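Structural description and commentary
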Amino acid sequence: MLRCNKVGVSDEYDPESLENVRKDGRRRPGGTLEILAAVVTALSVVWIALTFPVNLWRCARIIKEYERAVIFRLGRLIKSKVKGPGLFWIIPWLDEIQTVDLRTVCIDIEPQRRVHCLSPFCVDICMFVCSISPPVSV
């Protein structure tokens, strides 16, 4: 069934329609953007292979033991969601890396003085924060 979009152009693939959404919530592949992303990625891999010695240092990334890297290719989270620790390869002009620190961080909150039933008391707080799931924290 052909539908018309807001401009009046008919298209067969509507990424937001219910028949194009899987049960796990992800969209089915096959849209124009997915095909274009695959072509650009393939051309980038060929370019890296041709200029391998020069691009070797730009493509390699090292993540420390207490960090994880969440990689976005063309603004979308790639299939192998989290990389690290250690050495991994990226495509510098297509990938964007967000590093997430997995260490527990202690945040001191300044003491608060309150009066309750005519007796003053002081509360000193220390808040502990840690990341459990790196893709969710980005």
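Residues numbered from 1 in each chain as written. Predicted model: local features only at pLDDT ≥ 70, side-chain atom pairs only at ≥ 80, totals over all residues. Heavy atoms only, no water.

As annotated in an unreviewed UniProt entry, the chain carries the name Band 7 domain-containing protein and comes from Mugilogobius chulae. Listed under Subcellular location (unreviewed entry) in UniProt, the entry text for the chain is "Membrane". (UniProt positions renumbered as here; feature names shortened; annotations may be inferred.)

1. Looking at the nonpolar core
In this structure, Ile-63, Ala-69, Ile-71, Ile-78, Phe-88 and Ile-90 together form the largest nonpolar core, which totals 6 residues. Once residues within four sequence positions are removed from consideration, Ala-69 is found in contact with Ile-63, Lys-81, Val-82, Lys-83, Phe-88, Ile-97, Gln-98 and Thr-99. (Core = buried A, V, L, I, M, F, W, Y, C linked by side-chain atoms within 4.5 Å. Buried < 20%, exposed > 50% of the residue type's maximum accessible area, 1.4 Å probe, protein only. Contact = heavy atoms within 4.5 Å.)

2. Structural notes on the pattern of salt bridges
A side chain of one charge can pair with a side chain of the opposite charge if their charged atoms are brought near each other. Counting across every chain of the model gives 3 salt bridges. Residue Arg-76 pairs with Glu-34 through a salt bridge whose shortest N-O separation is 3.5 Å. Residue Arg-76 is located in strand β5 (residues 76-83), and its partner Glu-34 is located in helix α1 (residues 32-50); the two are separated by 42 residues in the primary sequence. Between Asp-101 and Arg-103 there is a salt bridge, and its shortest N-O distance comes to 3.0 Å. (Salt bridge = Lys/Arg side-chain N within 4 Å of Asp/Glu carboxyl O. Helix = DSSP H or I, 4+ residues; strand = E, 2+ residues; numbered from the N terminus.)

3. Focus: the state of the cysteines
A complete count under the given rule lists 1 disulfide for this structure. Between the sulfur atoms of Cys-106 and its disulfide partner Cys-126 the distance amounts to 2.4 Å. Across the S-S bond of Cys-106 and Cys-126 the torsion is about -120°, and the bridge reads as left-handed. Highlighted residues: Cys-106 in strand β8 (residues 105-116) and Cys-126 in strand β9 (residues 119-129), separated in sequence by 20 residues. Cys-106 sits in the partly exposed class, given a relative accessible area of 40%. A relative accessible area of 34% places Cys-126 in the partly exposed class. (Disulfide = S-S within 2.5 Å.)

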